[in-house]
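Residue-level structure breakdown
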Amino acid sequence: MSRHFSLRTLLLGSLRRQLMAGMGIVVSLMMAMLVWQWAARQHADLKNQQTEQAIALAESIALSSSVWVASRDVAGLQEIATNSAGYPDVRFVILLDRQGQVLAHSDPAFLGKFMPDLPASASAETTIIQNASSLLDLASPVMLDKEHLGWVRIGIGRTQLDTRIKELLKSGLIYLFSGALMIVFFASVTGRYFTRRLSAISRVAEAVRTGDTSQRVSMRGTDEAASLAREFNNMLDTLQQRESELMQSKDALRIAATAFESNDVMFVCDAQWRILQVNRAFERVTGYTPEYAVGKTPRDLLGSNLQRQDFYDTVDETIKAHGSWQGEVWDKRSNGETFPAWSTITAVKSASGQLTHYVANLSDFSSRKAAENEIKTLVYYDALTMLPNRRMLMDRLTTALHTALSQQRLGALLFVDLDDFKTLNDTLGHHQGDRLLQLVAERLQACVRGADTVARLGGDEFVVMLEGLSDNRPDAARQAEQVAAKVMAALNVPYELGSAVRRSTPSVGITLFGDQDELIDEPLKRADLAMYQAKAAGRNTARMFDPQTQAAVTLRSELEAALRQALEQEQFVLYLQPQISSQNGVARVTGAEALIRWQHPTRGLIGPVEFIGIAEECGMIIPIGQWVLRTACKQLAQWSTVPDLAHLTIAVNVSAKQFHEPDFVHQVLAELERSAVPPRCLKIEITESMLISNVDEVIARMEELQQHGVGFAMDDFGTGYSSLTYLKRLPLDVLKIDQSFVRDVLVDSNDAAIVNMIVALANSLGLNVIAEGVETAEQMRYLAQQGCHAYQGYLFSKPVSAREFEDRLASFIKPVTNSALATN
Ligand SMILES: Nc1nc2c(ncn2[C@@H]2O[C@H](COP(=O)(O)O[C@H]3[C@@H](O)[C@H](n4cnc5c(=O)[nH]c(N)nc54)O[C@@H]3COP(=O)(O)O)[C@@H](O)[C@H]2O)c(=O)[nH]1
């Protein structure tokens, strides 16, 4: 079997071998037939040729022997027979008489014998007696004058003929073999050419079989192999594409299966909304098993009754129109608990566009919703009172403004501020302060409808927003004022705060909104302003917004901007008002108070009363104060080089805000150092308002500056806080009697008493005293009589520019020298 297989493999194992074997066999067979035919023909031709030669030989012998036969000259005939037998291949030559008796024979042993197998005597032609493969035996008549005398019989052997034939066959076989070899070689070369191209295809096929589908047959040409290669490549391309599509669809299936088993609830319904398939999360989230769920509709199973029919209608319409719907939905678990979910429903359609399925995804965001709500609470609600905060109020106010405009219903804002909350908070403690705010929040909420908003802006500021008031302004104002009255009454009821019972009154500012398109902070600003009007009107009252106040506010904000510009463009000027001392008959100018002026480009010179208060409120007092300090120091630096002026001091007014700046001491010392001015030349005027808070810190700062030589004067003394305890501790040099007492000191006994008391106090504390606002010599004399010998006022000079101050220096003391004081 294996040998057979081996032979078979050897011959047919490859196309090339098949071709070689096939062509070898076919060509060999054909050539063999050809050689055989050719040999056979050659054999026949040679045989005929030999026969003809034999006949010719026999007839020639017959002719030459006829006389001898006729004469029966046996010896002569024998010689002929013997000689003729010498021809090649002649086996025998016999001469016979007519009766067949041997007259002569190449083999004398046959002489006299008869040969019976001669042709009939009538035949006068040469006759072949035997034409065998090894012998040609023929007889030719011996004729003389047409008389038949006897026979010549010769036998020709085939040896030469056979040899010749064999040679022919041999060379035929050589041709055959050579031809076959050539054919096999040709078949081999041709086969190699074909099989090499087929092998290329085969190699790629093998690579593909082992998984490398990227290989392609590279073959040029137009023959069948190239065409086969092209077809093969096309087939591979198609296969690869199909495989890739298959992989993609497998991937898609795997992804879909994975996605389907995600954390979110997923289910598939048929076109009638019957659930066909649910994922694992479905059971985990809803509590329904797949067996229970399949066949039911999602609405039957999960519907929470928190959505109305129109919700479902909208979902249906949206899916019909857009192929999908997304939104928040409240669903119900099997235990009846409702939960918020983000739902996506997608319609699946067949190739013909027929709706076949719905795929739904539900993302349970209960916990996220809770976190969202918590964040929302933190962002939009006040943590102490749980009232909406400013942000929420602004949101609602935005909506309310639009609604009011579109519905033509007015709204109102009530800005509520507790009058003495700070004091109460400080005295009862923050805990009770917080409690008070919570109680206020509760009472405010009780005063309004559910649709109205009560918000806490921060601190003790609350805002009540009323909506849907009358479209008629006076009516709406009345409605708002009624609510304000209710608020006033509710908040005026005493509060139980721990063991204490306290009253806390509110000031309420009211404004209407909704009849004009305005920014949201406008109504809030108006209500705030009205609240300040209520405060200004004595507190514990409500005030409707007054447009005139609005104008003042606008003016104020314009002024703020102008102040900033004034500072940048150096429009401020420092005026100086002389301070005169008269003692022991000597009058002299001791220094000046620096008083700021604003050289306005269009309005001219503006006094500080018009802008200092606003500068304080908006914080501009800090840079302005720094400018005053710097300019005063520069002025002192100039004076310090002039002998007549070097002794002069300058007193600068410092606002409480500026004084409480963390680096105030550093600012002062830095200015002094920069201008190289002796610190004793600088006086700082403080006011009693600075002592309301942080007295210790004020004192510490004053002491630090005093240690460097800076002096302090208490300005407007007697008009404010005037605590003797603090006064004793303050490192002051001077008490300034406020001009309001000086003005009527001669006509008002109270003012006179105050002046006397201040002078006595200053003396007892070892402080200097200076009276400001001295306008008349009588006032000056009275003050001198009381022991006050330093003055400042129009009697001597109004505040003037530095140049004028220097020019008029000598004239400032004239009122003293002219008066009786000079001689005293
Ligand atoms: N924080 C700062 N406050 C300042 C500064 N400059 C001034 N001011 C404060 O502005 C208020 C008004 O000042 P002004 O209009 O300059 O008025 C002063 C004097 O002109 C005025 N005065 C002085 N003598 C008389 C007088 O005989 N009669 C009269 N009717 N007025 C007079 O008094 C003001 C000085 O007051 P005081 O400061 O209390 O000594 C005023 O409060 C200034 O303090 C500044 O740079 N920073």
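Here the residue numbering is sequential within each chain, running from 1 through the sequence in written order. Where totals are concerned, whole chains, interfaces and linings use all residues; where local detail is concerned, this predicted model gives features only for residues with pLDDT of at least 70, and gives and counts side-chain atom pairs only at 80 or more. Water and hydrogen atoms play no part in the side-chain values, which are based on all heavy atoms of the structure.

For the protein, the name recorded in an unreviewed UniProt entry is EAL domain-containing protein, with Rhodoferax potami as its organism.

Put simply, DSSP H or I for four residues or longer makes a helix, DSSP E for two residues or longer makes a strand, and each gets a number counted from the N terminus. For the protein, the helix and strand inventory stands at 27 helices and 26 strands. Burial classes follow relative accessibility: with a 1.4 Å probe on protein chains only, a residue under 20% of its type's maximum area counts as buried, one over 50% as exposed, and anything between as partly exposed. A total of 824 residues make up the protein; the buried ones form 43% of that total. Contacts: residue pairs with any heavy atoms within 4.5 Å of one another. The contacts of the protein with a sequence gap of at least 6 include a subset with a gap of at least 24, amounting to 59%. For the area figures, the Shrake-Rupley method with a 1.4 Å probe applies, and any residue is considered shielded solely by the protein chains shown. Element-wise, carbon and sulfur atoms account for 54% of the exposed surface of the protein, whose accessible area totals about 44100 Å².

This paragraph deals with the nonpolar core. The term nonpolar core refers to a set of buried residues drawn from Ala, Val, Leu, Ile, Met, Phe, Trp, Tyr and Cys, joined through side-chain atoms within 4.5 Å. Val 652, Ile 684, Leu 732, Leu 735, Ile 737 and Phe 805 are the most contacted members of the largest nonpolar core, which has 88 residues in total. Per-element tally for this core: the top contributor is helix α18 (residues 621-639), with 11 residues. Look past the residues within four positions of Val 652 in its chain and what remains in contact with it is Ala 594, Val 628, Leu 629, Ala 632, Leu 682, Lys 683, Ile 684 and Glu 685. With 35 residues, the next largest nonpolar core counts Leu 424, Val 464, Val 487 and Tyr 495 among its residues.

The aromatic pairing rule takes the rings of Phe, Tyr and Trp, using the six-membered ring of Trp, and pairs them if the centres are within 6.5 Å, calling planes under 30 degrees apart stacked, those over 60 edge-to-face and the rest tilted. Applying the stated criterion to the full structure yields 13 aromatic pairs. Measuring from ring centre to ring centre gives 5.5 Å for Tyr 288 and Tyr 292, while their planes differ by 10 degrees; the resulting arrangement is stacked. On the basis of an interplanar angle of 20 degrees and a centroid distance of 5.4 Å, the ring pair of Trp 639 and Phe 805 is categorised as stacked. A residue pair is termed long-range when its members are at least 10 positions apart, and Trp 639 in helix α18 and Phe 805 in helix α26 (residues 802-808) qualify at 166 residues. Note on Trp 639: relative accessible area 1%, which makes it buried.

Taking burial as the measure, the 5 residues of strand β22 (residues 682-686) include 4 buried ones, the bulk of the element. Two strands are said to pair when DSSP picks up at least two bridges between them. For β22 and strand β23 (residues 711-717), the ladder comprises 4 bridges, and the chain directions are parallel. Each bridged residue has a counterpart across the sheet, and for Ile 684 the counterpart in β23 is Phe 712. With the strands pointing away from the viewer, any crossover whose connection runs clockwise from the first strand over the helix to the second is right-handed. At this point the chain moves from β22, through helix α21 (residues 695-707), to the parallel β23, and the crossover so formed is right-handed.

Attention now moves to the site of the ligand. Contacts to the ligand come from 21 residues, most closely from Glu 593, Asp 716, Gln 739, Glu 772 and Glu 775. Between the ligand and the protein, one listed contact pairs an oxygen atom with a backbone N or O atom of Tyr 794 at 2.9 Å. About the coverage of the ligand: the protein hides 83% of its 800 Å² of free accessible area. Mapped by element, the contributors of at least two residues to the shell around the ligand are β19 (586-600) and β23. Nearness is defined per residue: one heavy atom within 4 Å of the molecule or strand is enough. Any N or O atom pair separated by 3.5 Å or less is treated as a polar contact, with the protein-specific requirement of one donor-capable and one acceptor-capable atom, and with residues adjacent in sequence counted only for side-chain atom pairs.

So, on to the UniProt feature "transmembrane region" (unreviewed entry) in the protein. When the UniProt feature table is mapped to this numbering, "transmembrane region" (unreviewed entry) covers residues 20-39 and 173-194. Within residues 20-39, the helical portion is 100% and the strand portion 0%, while the C-alpha atoms at the span's ends are 27 Å from each other. UniProt positions are given in the numbering used here, feature names are shortened, and annotations may be inferred rather than shown by experiment.

Most of β19 sits inside the fold, with 11 of its 15 residues counted as buried. In the sheet, strand β18 (residues 572-583) pairs with β19 via 12 bridges, with the strands oriented antiparallel. When the sheet's bridge partners are listed, Gln 577 is paired in β19 with Glu 593. Between β18 and the antiparallel strand that follows it, β19, lie 2 residues; Asn 584 among them carries a positive phi value of about 55 degrees.

Before going further, it helps to examine a nonpolar patch on the surface. Residues enter a patch when their relative accessible area is above 30% and they make no salt bridge; the linking distance is 9 Å between like charges and 5 Å between nonpolar side chains (Val, Leu, Ile, Met, Phe, Trp, Tyr). In the sections that follow, a salt bridge refers to a side-chain nitrogen of Lys or Arg positioned within 4 Å of a carboxyl oxygen of Asp or Glu. Side chains of Leu 7, Leu 10, Leu 11 and Leu 12 sit close together on the surface and give an oily, nonpolar patch of about 370 Å² of accessible area. Along the polypeptide, Leu 7 turns up in helix α1 (residues 2-12). On the accessibility criterion, Leu 7 (49% relative accessible area) is partly exposed.

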